[in-house]
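Residue-level listing of the chains:
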Amino acid sequence: MKHPFRIPVQELAGPFITERATQAEREALTRPIKTGQYIQAAAIVLVVLAVVFKILGRYGFGIYLLILASALGMALFAAMYMNISQRKAARVLEQGCDPWRYAALAYEAALAMEKRTQVKQEVREMNCGIQVGSIALALCYMGRWEEGRLLAGRLLNCELTPLEAMNCRSVLVLYCYNRGDFEEMREQLQELRWAAEEIRGSREERYRQRALANGENFAAMAEALEAHDPEKALLLYRGMARAGETPLEQCVRSLNLGRLELQLGYTDQAEEHLRYAAEHGNRLYVADTARELLKTVEKCV
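These remarks concern the structure in this document. (Residues numbered from 1 in each chain as written. Predicted model: local features only at pLDDT ≥ 70, side-chain atom pairs only at ≥ 80, totals over all residues. Heavy atoms only, no water.)

A short note on the overall build of the chain
The condition is simple: A run of H or I in DSSP counts as a helix once it spans at least four residues, and a run of E counts as a strand once it spans at least two, with each numbered from the N terminus. When accessible area is computed with a 1.4 Å probe and restricted to protein chains, residues below 20% of their type maximum are described as buried, those above 50% as exposed, and intermediate ones as partly exposed. Every accessible area reported is derived by Shrake-Rupley at a probe size of 1.4 Å, with residue values counting cover from the shown protein chains alone.
Broken down by element type, the chain carries 14 helices and 0 strands. Going residue by residue from the N terminus, the α and β elements of the chain occur as α-α-α-α-α-α-α-α-α-α-α-α-α-α. Within the chain, the proportion of its 301 residues that are buried is 42%. Approximately 16,100 Å² of the chain is accessible, and the part contributed by carbon and sulfur atoms is 55%.

In structure tokens, the structure reads:
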């Protein structure tokens with residue numbers, strides 16, 4: 001018996017999408033997927049041929065193993081190649097700092113995945129759940145915080161896998177921190193920890209560790225801010241800098257540093273960080289926020 005698709009992409013995310021991907025962007029998203037499917041089909045043909053040749057005894061056992069190994073290699077390559085479109089979409093946000101285009105691409109990717117009936121339903125559902133969660137994150141980075149919270153909350157009602165739930169809770173932790181609701185943030189962080197524990201040791205381990213680290217950083221910052229100790233919060237935030245930060249992370253960190261430095265009266269440092277966020281933030285909310293804060297800095301000079 002076929003079960004209803006548990007992530008209704010258009011119903012969930014459609015109302016929040018204000019920009020759509022262009023035809024060229026859609027083609028760029030689907031091309032790696034289609035090519036990967038052809039490679040997978042070729043790998044299946046190789047496996048069938050290997051079995052037939054083995055039954056007929058046409059070739060030795062070494063040739064049989066070689067054909068199977070080739071088929072396996074093709075299947076693995078196809079899986080990696082099909083992820084190219086997702087990596088390209090992620091770069092739009094992480095490198096290009098454009099959450100609007102990122103949301104548009106994630107929406108198109110989710111719609112396309114929902115229609116790929118040749119893929120197992122549970123795989124399609126999980127992929128769609130992650131993409132819709134990414135749209136909720138993009139809404140937050142646009143500055144559409146309430147819409148991001150609303151979409152994440154609706155997504156949580158869709159019987160999510162632990163990976164999807166962790167992704168969703170990460171969005172809500174970010175939302176609560178930026179709204180100063182630290183008690184609710186801790187509750188969401190605990191939910192994130194529970195979801196993360198269920199995927200410990202999986203192939204998503206690196207993503208799991210990153211989500212946990214970000215959550216714990218928010219918790220440490222919240223504790224300092226609740227104690228009305230901006231100096232400690234500033235030291236903590238400076239210590240969180242790491243090598244290999246993406247432009248997105250650099251812009252967000254620069255805005256938060258600038259806010260704290262402005263509060264503490266370090267106007268020169270604040271201006272440097274806020275100007276960086278304003279100039280490099282592109283379409284992130286941080287760019288507009290930094291420009292507003294720079295007006296305050298100018299009044300202090």
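Having put the structure on the table, let's press on.
Thoughts on helix H10 (residues 205-226)
For the record, the criterion: Here the expected length of a helix is defined as 1.5 Å per residue gap, with one fewer gap than residues. Whether two residues are in contact is decided by their heavy atoms: any pair within 4.5 Å suffices.
Helix length check: H10, at 22 residues, gives a terminal C-alpha distance of 31 Å against a target of 32 Å (1.5 Å per residue), a fit within 8%. Turning to H10, its buried residues number three or more, namely Glu205, Arg208, Ala211, Leu212, Gly215, Ala219, Met221, Ala222 and Ala224. Packing partners of the buried residues in H10 comprise helix H8 (162-179), helix H9 (182-198), helix H11 (230-239) and helix H12 (247-264). Phi turns positive one or two residues past the end of H10, at His228, with a value near 55°.

Focus on unusual backbone geometry
In this structure, Cys97 takes a positive phi of about 55° despite not being glycine. Structurally, Cys97 can be placed in the loop between helix H4 (84-94) and helix H5 (99-114). Looking at Cys97, the relative accessible area reads 1%, which means it is buried. We note that Asn282 has phi near 50°; this positive angle belongs to a residue other than glycine. Relative to the helices and strands, Asn282 resides in the loop between helix H13 (267-280) and helix H14 (285-300).

Concerning a nonpolar patch on the surface
Going by this rule: Nonpolar side chains (Val, Leu, Ile, Met, Phe, Trp, Tyr) are joined into patches within 5 Å and like charges within 9 Å, using only residues with over 30% relative accessible area and no salt bridge. For this document, the term salt bridge refers to a Lys or Arg side-chain nitrogen within 4 Å of an Asp or Glu carboxyl oxygen.
Nonpolar side chains collect at one region of the surface, where Ile44, Val48 and Val52 lie side by side and expose about 250 Å² of accessible area between them. Considering the arrangement of structural elements, one finds Val52 in helix H2 (residues 23-56).

Quick notes on H12
At 3.6 residues per turn, the α-helix brings residues three or four places apart onto the same side. Its 18 residues give H12 an end-to-end C-alpha distance of 25 Å, which sits within 8% of 26 Å, the value for a rise of 1.5 Å per residue. Every buried residue of H12 is listed here: Leu248, Glu249, Cys251, Val252, Ser254, Leu255, Asn256, Leu257, Gly258, Leu260, Glu261 and Leu262. Where H12 ends, the next residue or the one after it, Gly265, has phi of about 85°, a positive value.

Remarks on the packing of aromatic side chains
What counts here: Aromatic rings from Phe, Tyr and Trp, with only the six-membered ring used for Trp, were paired whenever their centres fell within 6.5 Å, and each pair was classed as stacked if the ring planes differed by under 30 degrees, edge-to-face if by over 60, and tilted otherwise.
Applying the stated criterion across every chain yields a total of 3 aromatic pairs. Aromatic side chains Trp145 and Tyr285 sit 5.2 Å apart centroid to centroid with 75° between the ring planes, which places their arrangement in the edge-to-face category. Here Trp145, found in helix H7 (residues 145-155), pairs with Tyr285, found in helix H14; they are 140 residues apart in sequence, far enough to count as distant. Residue Tyr285 is classed as buried on the basis of its relative accessible area, which comes to 8%. When the centroid spacing of 5.9 Å and the interplanar angle of 40° are considered together, the rings of Tyr177 and Phe182 count as tilted. Here the two residues Tyr177 and Phe182 agree in accessibility, since each one is buried.

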